[in-house]
Amino acid sequence: MDRSLQPLLANTWFFLLGLILAFYVITDGFDLGIGILSLVTRRENHRSAMFESIGHVWDANETWLVVLGGALFGAFPAVYATVLSAMYGPVMFMIGGLILRGASFEFRHAARNKRGWDWAFGAGSLIAALAQGAILGQLISGFSAGWIGLAFSAVAALGVVSGYVLMGATYLVMKTSGSLEQVSRRHARKAIWTTVVMAGILTLATPFASIEVRSAWFDPQRMPVFVVLGAISLLAFLYILRSARRGGVRGPFRASVLLFLVSFGGLALSIYPAMIPGHVTILQAASSAPTLLFMLIGIGMLLPVMIGYNAYQYLVFRGKIRVHDEAEFIADDAEPRAHAH
């Protein structure tokens with residue numbers, strides 16, 4: 001095989017991994033956020049409605065994480081090995097949190113006293129979100145040691161938790177009604193402010209934590225793109241505030257997703273062409289061209305199926321949940337769709 005294809009294939013897989021990660025962060029992010037919000041929700045009928053709102057999608061959302069791990073192992077084995085060896089603790093905490101929330105979600109249905117399993121689900125969601133934020137902070141800083149690396153990872157962890165809560169709250173605004181919808185609007189207004197504050201702290205701290213990212217930010221060719229992404233982020237922030245106050249239903253969630261996508265795009269542009277800033281680049285970490293091509297054929301068949309399945313399930317279970325003594329799915333025209341048991 002022509003070795004000149006290696007850079008093209010490696011960069012294609014960098015984009016595909018970013019796309020898969022974006023799918024995971026958006027889809028699993030909002031149900032992790034709902035799990036975290038359940039920790040501060042006192043009314044059982046509200047918690048039941050929250051769980052019902054994600055009952056048909058949460059397990060499929062986590063499939064993206066499995067695909068991400070497999071793709072990273074095959075396409076960039078050096079990165080896979082480096083991340084697992086350097087971040088063994090946070091990775092194990094993340095997996096443990098996901099296992100805890102999965103088990104608690106299933107056992108909750110059969111339990112007479114649901115509060116214990118509710119706490120387990122919320123705790124698992126919080127642990128997984130904190131671990132993902134810590135991993136993100138360490139990757140951006142290039143596994144920086146000392147108090148700077150720890151502080152950066154701590155702020156990144158809190159930022160990820162806040163961002164997930166924002167998506168979870170805006171998703172509940174879109175999916176629920178009545179008092180739960182109003183409570184979720186208040187959570188969304190608080191979460192957007194904490195998310196922006198954490199993002200601002202990370203933005204100011206990143207040039208000190210990573211020399212490579214600092215160089216990318218002041219690259220004359222990339223700077224106009226960063227300015228555009230920053231402007232879009234500001235507009236999304238203002239729209240979420242306005243829409244949450246004025247009764248927007250789908251707008252707040254869509255704007256929060258846009259905010260995540262823009263932030264994710266800015267992160268990818270900041271570290272490119274590195275896979276781990278200060279450690280390994282895309283070309284250094286990539287597998288051989290035949291391996292990348294073989295995997296590309298496989299993911300080309302798998303990815304459309306996954307996207308289609310996810311889109312179909314969201315289409316089938318569209319509509320709000322009406323919160324009374326029990327939760328029930330209703331269509332956009334307010335006709336009942338399915339009852340929660």
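Residues numbered from 1 in each chain as written. Predicted model: local features only at pLDDT ≥ 70, side-chain atom pairs only at ≥ 80, totals over all residues. Heavy atoms only, no water.

1. Section: the packing of aromatic side chains
On inspection of all chains with the given rule, the structure shows 14 aromatic pairs. Here phenylalanine 23 and tryptophan 64 contribute two aromatic rings whose centre-to-centre distance is 4.6 Å and whose plane-to-plane angle is 15°, an arrangement assigned as stacked. Within this pair, whereas phenylalanine 23 is found in helix H1 (residues 5-38), its partner tryptophan 64 is found in helix H4 (residues 63-75), the two being separated by 41 residues in sequence. Residue class for tryptophan 64 comes out buried when judged on its relative accessible area of 1%. (Phe/Tyr/Trp six-rings, centres within 6.5 Å; stacked < 30°, edge-to-face > 60°. Helix = DSSP H or I, 4+ residues; strand = E, 2+ residues; numbered from the N terminus. Buried < 20%, exposed > 50% of the residue type's maximum accessible area, 1.4 Å probe, protein only.)

2. Considerations on a nonpolar patch on the surface
A cluster of nonpolar residues, Tyr88, Met92, Ile95 and Ile99, forms a patch on the protein surface that exposes about 410 Å² of accessible area. Here isoleucine 99 is to be found in helix H6 (residues 88-108). (Patch = residues over 30% accessible without salt bridge, like charges linked within 9 Å, V, L, I, M, F, W, Y side chains within 5 Å. Areas by Shrake-Rupley, 256 points an atom, 1.4 Å probe, with all protein chains shown as cover. Salt bridge = Lys/Arg side-chain N within 4 Å of Asp/Glu carboxyl O.)

3. A look at the confidence of the model for the chain
Counting all residues, the mean pLDDT for the chain is 86, and 93% of those residues have values of 70 or more. Here residues 325-341 is modelled with pLDDT under 50, and outside its nearest four sequence neighbours on either side it reaches 38 contacts, counting other chains as well. (pLDDT = per-residue confidence, 0-100. Contact = heavy atoms within 4.5 Å.)

4. What to know about unusual backbone geometry
The step from tyrosine 272 to proline 273 runs through a cis peptide bond, and the omega angle for that step is 5°. Within the secondary structure layout, proline 273 lies in the loop between helix H12 (251-271) and strand E1 (274-276).

5. Brief notes about empty space enclosed by the protein
The final tally for this structure, using the stated rule, is 1 cavity of 30 Å³ or more. Lining of the largest cavity is provided by Leu37, Thr41, Met50, Leu172, Leu180, Val183, Ser184 and His187. At 4 residues, the largest contribution of residues to the lining of the largest cavity is made by helix H9 (residues 178-209). Taken together, the residues of the lining of the largest cavity break down into 5 nonpolar, 3 polar and no charged. (1 Å grid on protein atoms, 1.4 Å probe; cavity = no way out; pocket = protein on both sides within 12 Å on 5 of 7 lines; lining within 4 Å. Points joined across faces, edges and corners; volume = space filled by probe spheres on them. Nonpolar A, V, L, I, M, F, W, Y, C, P; charged D, E, K, R; others polar.)

6. Structural notes on H12
Residues separated by three or four positions in an α-helix point in the same direction, a consequence of the helix having 3.6 residues per turn. Along its 21 residues, H12 runs 31 Å from first to last C-alpha, staying within 8% of the 30 Å computed at 1.5 Å per residue. Within the span of H12, buried status applies to Gly251, Pro252, Phe253, Ala255, Ser256, Val257, Leu259, Phe260, Val262, Gly266, Ser270 and Ile271. (Expected span 1.5 Å × (residues − 1).)

7. Quick notes on the nonpolar core
Judged by nonpolar contacts, the single largest core of 79 residues is most densely connected at Trp13, Ile54, Phe76, Val79 and Met275. Here this core gets 15 residues from one element, more than from any other, and that element is H1. Residue contacts for valine 79: discarding those within four places in its chain leaves Leu72, Met275, Ile276, Val280 and Ala285. By size, the runner-up hydrophobic cluster in this structure holds 7 residues, among which are Ile140, Val155, Ala156 and Met198. (Core = buried A, V, L, I, M, F, W, Y, C linked by side-chain atoms within 4.5 Å.)

8. Looking at the pattern of salt bridges
Counted by the stated rule, this structure contains 8 salt bridges. Salt-bridge contacts for aspartate 31 lead to arginine 101; the nearest nitrogen and oxygen are separated by 3.0 Å. With aspartate 31 in helix H1 and arginine 101 in helix H6, this pair connects stretches of sequence that are 70 residues apart. Assessed through its relative accessible area of 0%, aspartate 31 is described here as buried. Taken together, the shared-partner salt bridges in this structure form one network comprising Asp28, Asp31, Glu62 and Arg101.

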